[in-house]
There are 2 protein chains.
Amino acid sequence: MKVGFVQNNPKFGETEANLEQIKTLWGNLSAELIVLPELFATGYQFNSKHEAKELAEPIPEGPTTQKLISWAKETGSSIIAGIAECDGENLFNSAVIISPNGYIGTYRKAHVFDTENRFFSQGNLPLQVFELGGIRVGVMICFDWRFPETARTLALKGADIIAHPSNLVLPHCPDAMITRCLENRVFAITVDRVGSENRVDGEELSFIGKSQVVSPEGDILYRASEKEEEASVVEIDIDLSRKKKINSKNDLFEGRRLDLYELN
Amino acid sequence: MKVGFVQNNPKFGETEANLEQIKTLWGNLSAELIVLPELFATGYQFNSKHEAKELAEPIPEGPTTQKLISWAKETGSSIIAGIAECDGENLFNSAVIISPNGYIGTYRKAHVFDTENRFFSQGNLPLQVFELGGIRVGVMICFDWRFPETARTLALKGADIIAHPSNLVLPHCPDAMITRCLENRVFAITVDRVGSENRVDGEELSFIGKSQVVSPEGDILYRASEKEEEASVVEIDIDLSRKKKINSKNDLFEGRRLDLYELN
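Now for a look at the structure at hand. Keep in mind it's a predicted model, so treat the numbers as computed, not measured. (Residues numbered from 1 in each chain as written. Chains lettered and ligands numbered in written order. Predicted model: local features only at pLDDT ≥ 70, side-chain atom pairs only at ≥ 80, totals over all residues. Heavy atoms only, no water.)

What follows is about the overall build of chain A. Looking only at helices and strands, chain A features five helices and 14 strands. Principal-axis analysis of the C-alpha atoms places the extent of chain A at approximately 55 × 45 × 35 Å. Across the 264 residues of chain A, 61% fall into the buried class. The long-range share in chain A, meaning contacts at least 24 apart out of those at least 6 apart in sequence, stands at 69%. Working note: accessible area of chain A is about 9,600 Å², and carbon and sulfur atoms make up 45% of it. Charge-centre separation for chain A: the mean point of 28 positive side chains lies 5 Å from the mean point of 39 negative side chains. (Helix = DSSP H or I, 4+ residues; strand = E, 2+ residues; numbered from the N terminus. Buried < 20%, exposed > 50% of the residue type's maximum accessible area, 1.4 Å probe, protein only. Contact = heavy atoms within 4.5 Å. Areas by Shrake-Rupley, 256 points an atom, 1.4 Å probe, with all protein chains shown as cover. Lys, Arg positive; Asp, Glu negative; His and termini not counted. Charge placed at Lys NZ, Arg CZ, Asp CG, Glu CD.)

Now the structure itself:
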C-alpha cells in the first residue's frame, strides 16, 4: 500500500490560502493514506486565546474538515490532519481522521506543549486506533512522541501505522521516532511543517521539516528536507507491522515483563 | 562527578585473563562509577547449558565478584558489571552492583535475548535503583533497552543514571538510548564489548562497540569506537537528571497522562 504526506509552510491565519497550497502540493499523488501537519491550516503561534478561538473550527462541521472530506472523496485517500478545534468554550489541538466515505473520528493532543497551554485544553479523548480500509492507524500529535506510553498504547491497541501530525521546533523527534518504531514494530508517519513564525513577544519559532516515514525495522523509508515544502508517497508492506516476533525467541509484545514494570 | 566504563574484547572462557585485561585497560582512571559490559569476564556464546554452568559463578561468593569488590575498595569506584550467575540449578544473565564498601546487589536481565534462552532463565528480581554515594543508579542489561518500560520503571523509581552493561550485535541500541535519556531525563551509560565470537554452529557474532555516555538532554557526551578496546571517563552534572521539567509548562513525569495510557 501507499502512504504519504504533505509538508507545508502555512501563512499564519490564512486558512483558505493554506488549504489551496496543500492541494497544489498534493497534486496528483495517489496514496491510501495522506497525513498533514499539526495545525496545518492555521499556523501555530496564536497571540491570545481570543485569536485561537477565531481560527479554530468545530469538527466535523467546520470548513477545513469539510474541505478534507471532499478531498478524501475525490482522491480516494484517507486523510489525517491537525486542526485547531473549538468545542463550545474549549479549544483542542486536534487531528481529524477522514476516509473516502467521510468523517471517522477525532484525536485531541494528550500532551500539550509549552505555550500551547495558553489556548488548548489537554486532550480528553482516548488514545485510539482507527480502521481505514483494513489498515489500523493510531494517531498522536507532535509532543506526544516524548512520552513512550503514547505510541505504546496505540501499538498495543493494534496500530499498524502511527500517524503523527507535528510542528517540530526541537531537533530530537525524527530520530526518536525510529525508537518508537523499533520498540513497537509499527510504521510511523511523522509530518512536520517548514518555515518560521514570529508572532509572540518577538519569539521566533523555526520548524525543522524532516517529515518522514519509518518502518517497523527502524528504517527511514523517506525523510523530507528541512526547508522546502513537498508532498511524497512511499510504498509500505503493512505485514511487517503485524509480526512482533524479531527472532525465534523474542516477541516484542509477548515478551513484555508486566510482572516487573512499575509505571504508575 | 565522574563516570566511566571499560570496553573490552574478552577471550571466550578465559575469565582470569579477561579480568587482568580489564584492569590493564582501566589503568589509573578515576571515577565514582565504572560500568563493564554484559558477561564481560566469560564471553557471550556458550555452546551448551553445561558449558555456561561451568563458567557461571555464584554472587557474591564467586571469584569474579570478589575481584570486583577488591578493585572497588582499591580504587574508590563503584562498579556495575555483567556476570554469568549460577544460583543452584538456575543460570542468570546478571549484573552485580558494588560500592567501595562492598557488595550492594544484583540485577538479573529481565528480557533474555534470542539464544541466551538456552542457558539463562528470565530475571526474577525487581527493576531496582541502587544508592551509590548519593547517586541513584538503575540497572538494566542489553536487550532490556528494547522495552521502553524498563528504563521508564527505573526512572520513575528515581534513577539519575541508567547503567547498561551490553553485548550489542544489532545496530540500533546506541541511538535508541538517546531516546531513553530524552524521555526519562536520565543519564545512560551503555557499555558494550568489541570483537567477535564464532563458537556455535559456525554462527559468527560481531559486537559493535560504541560504548557511550548520554545526557538527560540527549547529548552523546562520549561514544567509543566500534573496534578498539578502551577505558574512558566523563564528567557529568547529576543535577540535570533531577529536573524533569523541560520548560515552564512541561514536566516529563507530572505531565504523564495515566488517565489515557493503556499498557496491559
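We now examine helix α5 (residues 173-184) of chain A. Residues and elements named next belong to chain A. Counted at 1.5 Å a residue, the expected span for α5 with its 12 residues is 16 Å, and the 16 Å between its end C-alpha atoms agrees. In terms of residue burial, α5 counts as a mostly covered element, since 11 of its 12 residues are buried. Of the residues flanking the end of α5, it is arginine 185, one or two places downstream, whose phi is positive at about 45°. (Expected span 1.5 Å × (residues − 1).)

To continue, consider empty space enclosed by the protein. Under the defined criterion, the tally for this structure stands at five cavities of 30 Å³ or more. In this structure, the largest cavity encloses a volume near 130 Å³. Around the largest cavity, the lining comprises 13 residues; the ones closest to its centre are Phe113, Cys142, Phe143, Trp145 and Leu170 of chain A. Tallied by class, residues from the lining of the largest cavity come to nine nonpolar, one polar and three charged. Size it by volume and the second largest cavity reaches roughly 60 Å³. Taken together, Tyr44, Gln45, Phe46, Thr115, Glu116, Arg118, Phe119, Val200 and Glu203 of chain B make up the full set of residues lining the second largest cavity. Grouping the constituent residues of the lining of the second largest cavity by class yields four nonpolar, two polar and three charged. (1 Å grid on protein atoms, 1.4 Å probe; cavity = no way out; pocket = protein on both sides within 12 Å on 5 of 7 lines; lining within 4 Å. Points joined across faces, edges and corners; volume = space filled by probe spheres on them. Nonpolar A, V, L, I, M, F, W, Y, C, P; charged D, E, K, R; others polar.)

Next up on the list: the interface of chain B and chain A. Facing the 45 residues of chain B at the interface are 45 residues of chain A. Summed over both sides, the interface of chain B with chain A buries roughly 4,000 Å², with 58% coming from carbon and sulfur. Inspection of the region where chain B meets chain A yields 27 residue pairs in polar contact (both at pLDDT 80 or more). Looking at the side of chain B that touches chain A, the elements with two or more residues in it are α4 (148-156) and α5 (173-184) of chain B. It is α4 of chain B that contributes the most residues to the side of chain B that touches chain A, six residues altogether. When grouped by side-chain class, the residues that make up the side of chain B that touches chain A number 19 nonpolar, 13 polar and 13 charged. (Buried area = accessible area lost by both parts, 1.4 Å probe. Polar contact = N/O pair within 3.5 Å; in protein donor to acceptor, adjacent residues only side chain to side chain.)

The transform that puts chain B on chain A rotates by 180° and translates by 0.0 Å along the axis, for an RMSD of 0.0 Å. The operation mapping one copy onto its partner corresponds to a two-fold rotation axis. In this assembly, 100% of the residues forming the interface of chain B have copies in chain A that are likewise at the interface, indicating an isologous arrangement. (Least-squares fit on C-alpha atoms with pLDDT ≥ 70 in both.)

Before going further, it helps to examine the nonpolar core. The biggest cluster of nonpolar side chains holds 138 residues, and the ones touching the most others in it are Ile161 of chain A together with Ile161 of chain B. Setting aside chain neighbours within four positions, we find isoleucine 161 of chain B in contact with Val3, Leu33, Ile135, Arg136, Val137, Gly138, Phe187, Ile189, Ile236 and Ile238 of chain B. (Core = buried A, V, L, I, M, F, W, Y, C linked by side-chain atoms within 4.5 Å.)

This paragraph deals with unusual backbone geometry. Trans peptide bonds make up the majority, and among non-glycine residues the majority have a negative phi. Residue proline 60 of chain A is bonded to the preceding isoleucine 59 of chain A through a cis peptide linkage, with omega at 10°. Mapping proline 60 of chain A onto the fold places it in the loop between α2 (49-55) and α3 (63-75). Of note in the backbone geometry, leucine 39 of chain B takes a positive phi value of approximately 45° without being a glycine. Here leucine 39 of chain B is to be found in the loop between β2 (33-35) and α2 (49-55). The exposure class of leucine 39 of chain B is buried, given its relative accessible area of 1%.

Residue and element names in this part refer to chain A. With respect to the helices and strands, histidine 164 occurs in strand β8 (residues 161-165). Polar side-chain contacts of histidine 164 include one of 2.9 Å to the side chain of threonine 190. When residues no more than four places from it in sequence are discounted, the contact partners of histidine 164 are Val35, Met140, Ile141, Cys142, Trp145, Cys173, Met177, Ile189, Thr190 and Val191.

Attention now moves to the packing of helix α4 (residues 148-156) of chain A against α4 of chain B. At a closest axis distance of 11 Å, the pairing of α4 of chain A and α4 of chain B adopts a crossing angle of 140°. Of the two possible hands of crossing, α4 of chain A and α4 of chain B adopt the one that is left-handed. On the side of α4 of chain A, the interface is formed by Pro148, Glu149 and Arg152 of chain A, while α4 of chain B contributes Pro148, Glu149 and Arg152 of chain B. Across the contact of α4 of chain A with α4 of chain B, the residue classes tally to two nonpolar, no polar and four charged. (Axes fitted to C-alpha atoms, helices over the stretch in contact; angles between N-to-C directions. Left-handed = near helix turned anticlockwise from the far one by under 90°.)

Before going further, it helps to spend a moment on the pairing of strand β10 (residues 196-200) of chain A. Here β10 of chain A pairs with strand β11 (residues 203-206) of chain A via three bridges, running antiparallel. From the neighbouring strand, serine 196 of chain A faces β11 of chain A, where its bridge partner is serine 206 of chain A. (Pairing = 2+ DSSP bridges.)

The next thing to look at is the sheet that holds strand β14 (residues 230-235) of chain A. Residues and elements named next belong to chain A. Spatially, six strands are ordered β5-β4-β3-β2-β1-β14 in an open sheet, and the strand pairing comes out mixed. This sheet does not close on itself; its edge strands, each paired only once, are β5 (102-108) and β14. Neighbour-to-neighbour, the strand axes of this sheet turn through a mean angle of 30°, independent of strand direction. As defined by bridge partners, strand β2 (residues 33-35) adjoins strand β3 (residues 78-87) across three bridges and the pair is classed as parallel. By the bridge assignment for β3, leucine 33 is matched with serine 78. Lying on the sheet, helix α1 (residues 15-26) is in contact with β1 (2-7), β2, β3 and β14; it crosses β1 at an angle near 135°.

Everything listed is a geometric property; what it means functionally is a separate question.
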